[in-house]
Amino acid sequence: MAQTWKDTDISLDPIKDQTIAVIGYGIQGDAQANNMKDSGLNVIIGLKEGGNSWKKAEADGHKVMSVADATKQADIIHILIPDMIQGQVYKDEIGPNLSEGKALSFSHAAAIYWKWIEAPNNVDLIMIAPKGPGSKVRETFLDNFGTPAIVAVEQDFTGKAWDKTLGIAKAIGSARAGLIKTTFKEEVETDWFGEQADLCGGAASMVTNAFETLVEAGYQPEIAYFEVLHELKLIVDMIQRYGINGMWRRVSETARYGGLTRGPMVMDAANKENMKKVLTMIQDGTFNKEWISEYQKSGKDAFDKYMKQYDEHQIEKVGKQMRKMMWPDSTE
Ligand code: NDP
Ligand code: MG
Ligand code: MG
């Protein structure tokens, strides 16, 4: 059984006199910085001058400074800028201003695990990864709850790394929803596998294949969209809340029998073999190498060229119309 912690297991005392620099004020940075501040911690924000976030962080009442100054002033440097720039920002601004006994903290372990950042031996390396987007991290905190997180210590130079990790997790509200112990390696590999094979990649491809199957068989695209894409959320919500059998118990008997017997025909052994290949490409570093090289070569185009194929696909064209019908006032 994995090790877990609840809110009452943790004290903020070990970090209440420390300064925490949140580097970046975007999706996670904004939410986590405000939660920590509301929890009574000393938070400062490190940003690049001239960027959009500086004014926003100041308007929200934070003390804002350059990444270099924030690194100098803080005991814990919590790095919440996009993963692909962490290596460069570390090299230019964080590394040169780091000193013994400080902590480098993350919400995703990739930069350390794949050595985009080569951290020294005389600091703590810790991770608090909320399992939800920044908007949820803030909303659930304001509701006196939190977003669950997985936590890890990669390097415990001071012997206090776990106090810092758990303290931050408590301050951002995550301990109220539950913390699970992981490692940097496990977080990176399972996070990437989930988003590639199942959540983003797998789900998008499964829905597209199902849509094409119905439309190619002569069914109306609008009906196909409803059946295979729109309703997916209702099923996923049930699986999240009640588990797989909880979902089966809540759908019609025909859906239950049909799904239980046909699901494995669609997602069969060959599909699982392909998942294993995708996992191996993550574990052996093939994906990391490819992603870094594509990002360096073409930046945003590394994904834009694939997204363009979706833009041109009927599922997106029909989807736009359908969503306009269901949510007339919202923009995409
Ligand atoms: P964002 O893309 O939202 O980060 C943008 C922020 O970084 C902005 O405040 C931006 O400032 C700032 N920034 C950009 N470049 C620099 C720079 N050179 N120096 C200083 N600040 C800079 O990141 P996320 O919140 O999505 O991700 C942060 C971390 O959290 C990542 O490690 C990610 O994997 C992890 N994570 C993210 C989740 C999510 O919900 N998105 C979920 C769980 C983990 P400006 O606006 O001024 O350019
Ligand atoms: Mg993830
Ligand atoms: Mg991820």
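Starting afresh in each chain, residues are numbered from 1 along the sequence in its written order. Labels are handed out in written order, letters beginning with A for the chains and numbers beginning with 1 for the ligands. Only residues with pLDDT of at least 70 are given local features in this predicted model, and only at 80 or more are side-chain atom pairs given and counted; all residues enter the totals for whole chains, interfaces and linings. Values shown for side chains rest on all heavy atoms present in the structure; no hydrogens or waters enter the calculation.

J.: Any chance you could explain the coordination of the magnesium ion (ligand 3) here in plain terms?
T.: Tetrahedral metal sites with four donors have an ideal angle of 109.5 degrees; octahedral sites with six donors have ideal angles of 90 or 180 degrees. A donor here means any N, O or S atom no more than 2.8 Å from the metal (3.2 Å for Na, K and Ca); water is not included, so a site may seem to lack partners. Protein-derived ligands of the magnesium ion (ligand 3) are Asp191 (OD) and Glu195 (OE), with the metal-ligand distances lying across 2.1 to 2.4 Å. A separation of 3.8 Å is found between the magnesium ion (ligand 3) and the magnesium ion (ligand 2), which share Asp191 as a coordinating residue. In this pair, Asp191 and Glu195 are both assigned in helix 9 (residues 184–199), four residues apart and thus about one turn of the helix distant. Helix and strand assignments come from DSSP, with helices taken as H or I runs of at least 4 residues and strands as E runs of at least 2, each series counted from the N terminus.

J.: Where do I start with the domain arrangement of the protein in this structure?
T.: A common way to state how big an interface is: give the accessible area lost once the parts meet. Domain start and stop positions are those given by an automatic or database domain assignment. If you check the domain split of the protein, you get domain 1 (4–184) and domain 2 (192–326). Spacing between the C-alpha centres of domain 1 and domain 2 amounts to 32 Å. Taken together, the contacts link six residues of domain 1 with eight residues of domain 2. Of all residues in domain 1, Met84, Trp114 and Trp116 bury the most surface against domain 2, accounting for 85% of the area lost on that side. Counting of polar contacts relies on pairs of N or O atoms within 3.5 Å, with two restrictions inside protein: one atom must be capable of donating a hydrogen and the other of accepting it, and residues adjacent in sequence are counted only when both atoms are side-chain atoms. Inspection of the domain 1/domain 2 interface yields two residue pairs in polar contact (both at pLDDT 80 or more). Note on residue classes: Ala, Val, Leu, Ile, Met, Phe, Trp, Tyr, Cys and Pro are nonpolar, Asp, Glu, Lys and Arg are charged, and everything else, Gly too, is polar. Of the residues that constitute the side of domain 1 that touches domain 2, the class distribution is five nonpolar, one polar and no charged. Note on contacts: a residue pair qualifies if any of its non-hydrogen atoms lie within 4.5 Å across the two residues. Put simply, buried area is the surface a 1.4 Å probe can reach on two separate parts but cannot reach once they are joined, added for both.

J.: When you look at the site of ligand 1 in this model, what are you seeing that I'm missing?
T.: Here a residue counts as near a molecule or strand whenever at least one of its heavy atoms sits within 4 Å of it. In the vicinity of ligand 1 there are 24 residues, among which Ile27, Gln28, Lys48, Ser53 and Asp83 approach most closely. Contact distances for ligand 1 include 2.8 Å between an oxygen atom and a backbone N or O atom of Ile27. Here an oxygen atom of ligand 1 and a backbone polar atom of Gly134 are 3.5 Å apart. All accessibility values rest on the Shrake-Rupley procedure with a 1.4 Å probe; residue burial counts only the protein chains present in the view. Its free accessible area being 910 Å², ligand 1 has 78% of it covered by the protein chains. For the shell around ligand 1, the element with the most residues is helix 4 (residues 83–94), which contributes four residues. Residues that form the shell around ligand 1 fall into these classes: 11 nonpolar, 11 polar and two charged.

J.: Can you help me understand helix 6 (residues 134–142) in this one?
T.: Given 3.6 residues per helical turn, the α-helix brings residues three or four places apart onto the same face. We call a residue buried when its accessible area falls under 20% of the maximum for its residue type, exposed when it is over 50%, and partly exposed in between, using a 1.4 Å probe and counting protein chains only. For helix 6, every residue scored as buried is listed here: Gly134, Val137, Thr140 and Phe141. Buried positions in helix 6, seen along its axis, are confined to an arc of 140° and lie on one side of it. One or two steps after helix 6, the chain reaches Asn144, where phi turns positive at roughly 60°. To obtain the arc, one takes the directions from the helix axis to the C-beta atoms.

J.: Looking at this structure, how should I read the packing of aromatic side chains?
T.: We describe a pair of aromatic rings using the distance from one ring centre to the other and the angle between the two ring planes. Planes of paired rings set the category: under 30 degrees apart is stacked, over 60 is edge-to-face and the rest tilted, where pairs are Phe, Tyr or Trp rings (Trp by its six-membered ring) whose centres lie within 6.5 Å. Taken as a whole, this structure holds six aromatic pairs when the rule is applied. Between Trp291 and Tyr295, the ring centres sit 5.4 Å apart and the planes meet at 75°, which makes this aromatic pair edge-to-face. Pair noted here: Trp291 and Tyr295 are both in helix 15 (residues 286–298), with a separation of four residues, about one helical turn. Take Tyr295: its relative accessible area is 29%, and that puts it in the partly exposed class.

J.: Whenever I open this one, the UniProt feature "binding site: NADP(+)" (unreviewed entry) in the protein confuses me. Can you help?
T.: UniProt positions are given in the numbering used here, feature names are shortened, and annotations may be inferred rather than shown by experiment. The positions UniProt marks with the feature "binding site: NADP(+)" (unreviewed entry) are Tyr25, Gly26, Ile27, Gln28, Lys48, Ser53 and Gly134. Mapped onto the secondary structure, Tyr25 falls in the loop between strand 2 (19–23) and helix 1 (27–38). When residues no more than four places from it in sequence are discounted, the contact partners of Tyr25 are Asp30, Ala33, Asn34, Ile45, Leu47, Ser53, Lys56, Ala57, Asp60 and His62. Checked against the element boundaries, Gln28 lands in helix 1.

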